Each structure stands twice: as structure tokens, then as C-alpha cells.
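# An overview of the molecular structure
Residue-level listing of the chains:
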Amino acid sequence: MKHLILVAIATLSLTIVSCGNNNATDETTAHNTPDNGVEVLYFHGKQRCAGCMAIEQETKNLIDSVYATEVQNGTLLFNIVDIGENEALADEYQVTWSSLIVVEREAGEKKEVIDLTDFAFETARSNPDEFKEGLANEINQRLNN
């Protein structure tokens, strides 16, 4: 039993550390918010693991391919946020490492905040179709309110 607990702790530690051991180049967008609509926030650190990069890429693929009209008319925004460059926003959402957050806004105010981080890490890399379907469902529910 002790061995099993140690293995679990070691695995968790390696997962967390690996999110900081892969140098990745990316573009960090300025943080914008819609007055009415949905904001998708992908938070990351300077260095990211393959799972972290898959979350960003699959989210971008979905939004670019399915929601071009909503992005163009401003009812859907996708913001990529480097935690180190925007600590205030990370603090606002209580984010300390790579995270995927969907925010429904009404009259410029947060109406609902959905943390999809666990779902994203479970599916973005291993089952991107399931990931995109789940994310699309969350976005669609909030766009259609």
C-alpha cells in the first residue's frame, strides 16, 4: 500500500513538473472580453508539456473551424494567457498552472464560469474529437442563452 501511494505521488509530481519542462513558442493574445457572449481562456506558463500544448491547439482548431462568425461578430473570444505575463487575471480565476476556462458574459459581467481543465487534460491529447465535442457543447449552451 505504501508503495502504491509513493507511485501515485511520484506520478502526480512528474505530471506537474513536466508542464514546466518543455520550451514552447506561442503567441499570447491581449486579454479582451465580450460584453455579451462567451470567452474561452487558455492559461499557460512559459514552458508546457504535450498535454498543455494539445489543449491550446485543439481549442484553437475548434474555434477557427466552427465559430468564425461568432469570433468575427464579437460574441466569442478566445484568449491565450501567459500566467507570468498576466498574474492579475490568473489570480482572478484562481489559476496557478495550465487551465481551460469558459466564461459566459452578460452586460460585460461574468454570468457563469466553467472550469474545463480536468476534462481538457483527460481528452485533448488522447481523444481530440471528444475534447472538441465537449468544449463545443459548453460554448453552444452559453451562446444560445
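Our subject is the structure listed above.
Summary of the structure given here.

The rules we used
Residues numbered from 1 in each chain as written. Predicted model: local features only at pLDDT ≥ 70, side-chain atom pairs only at ≥ 80, totals over all residues. Heavy atoms only, no water. Helix = DSSP H or I, 4+ residues; strand = E, 2+ residues; numbered from the N terminus. Buried < 20%, exposed > 50% of the residue type's maximum accessible area, 1.4 Å probe, protein only. Contact = heavy atoms within 4.5 Å. Polar contact = N/O pair within 3.5 Å; in protein donor to acceptor, adjacent residues only side chain to side chain. Phe/Tyr/Trp six-rings, centres within 6.5 Å; stacked < 30°, edge-to-face > 60°. Lys NZ or Arg CZ within 6 Å of the ring centre and 35° of its normal. Axes fitted to C-alpha atoms, helices over the stretch in contact; angles between N-to-C directions. Parallel < 35°, antiparallel > 145°, perpendicular 65-115°, else oblique. Left-handed = near helix turned anticlockwise from the far one by under 90°. Nonpolar A, V, L, I, M, F, W, Y, C, P; charged D, E, K, R; others polar. Core = buried A, V, L, I, M, F, W, Y, C linked by side-chain atoms within 4.5 Å.

### Considering the overall build of the protein
Broken down by element type, the protein carries six helices and four strands. The N-to-C order of helical and strand elements in the protein reads α-β-α-α-β-α-β-β-α-α. By the burial criterion, 39% of the 145 residues in the protein qualify as buried. Counting only contacts in the protein whose residues sit at least 6 apart along the sequence, the fraction spanning at least 24 positions is 69%.

### Considering the side chain of arginine 48
By the secondary structure assignment, arginine 48 is in the loop between β1 (37–44) and α2 (50–66). By relative accessible area, which is 2% here, arginine 48 ends up buried. In terms of polar contacts, arginine 48 uses its side chain to reach the side chain of tyrosine 42, at 3.3 Å. Polar contacts involving the side chain of arginine 48 include one to the side chain of glutamate 56, which spans 2.4 Å.

### With respect to the packing of aromatic side chains
For the structure on display, the rule yields three aromatic pairs. Here phenylalanine 43 and tyrosine 93 contribute two aromatic rings whose centre-to-centre distance is 6.0 Å and whose plane-to-plane angle is 50 degrees, an arrangement assigned as tilted. Placement of phenylalanine 43 in strand β1 and of tyrosine 93 in the loop between α4 (87–92) and β3 (99–106) is noted, with a sequence separation of 50 residues between them. Geometrically, the ring pair formed by phenylalanine 119 and phenylalanine 131 is stacked, given 6.0 Å between the ring centres and 20 degrees between the ring planes. Linking phenylalanine 119 in helix α5 (residues 117–123) with phenylalanine 131 in helix α6 (residues 128–143), this pair joins segments that are 12 residues apart in sequence. The exposure class of phenylalanine 131 is buried, given its relative accessible area of 0%. We note lysine 110 situated over the ring of tyrosine 93; from NZ or CZ to the ring centre the distance is 4.5 Å.

### A few points about the packing of α2 against α6
The geometry of α2 relative to α6 is characterised by a closest axis approach of 10 Å and an angle of 60 degrees between their N-to-C directions. Relative to α6, the element α2 lies oblique. Pair α2 / α6 crosses with right-handed handedness. Here α2 contributes Ile55, Glu58, Thr59 and Leu62 to the contact with α6, which in turn contributes Pro128, Phe131, Lys132, Leu135, Ala136 and Ile139. Residue composition of the contact of α2 with α6, grouped by class: seven nonpolar, one polar and two charged.

### Details of the nonpolar core
Residues Val40, Leu100 and Leu135 are the most contacted members of the largest nonpolar core, which totals 23 residues. Elements with a minimum of two residues in this core: β1, α2, β2 (76–82), β3 and α6. With five residues, the top contributor of residues to this core is α2. The residues contacting leucine 100, other than those within four sequence positions of it, are Val40, Leu41, Tyr42, Ile55, Thr59, Ile114, Asp115, Leu116, Thr117, Ala120, Phe131 and Leu135. Grouped together as the second largest cluster of nonpolar side chains are 10 residues, Val81, Ile83, Val95 and Val103 included.

### Structural notes on the side chain of arginine 105
Its place among the elements puts arginine 105 in strand β3. Under the relative-accessibility criterion, arginine 105 is labelled buried at 8%.

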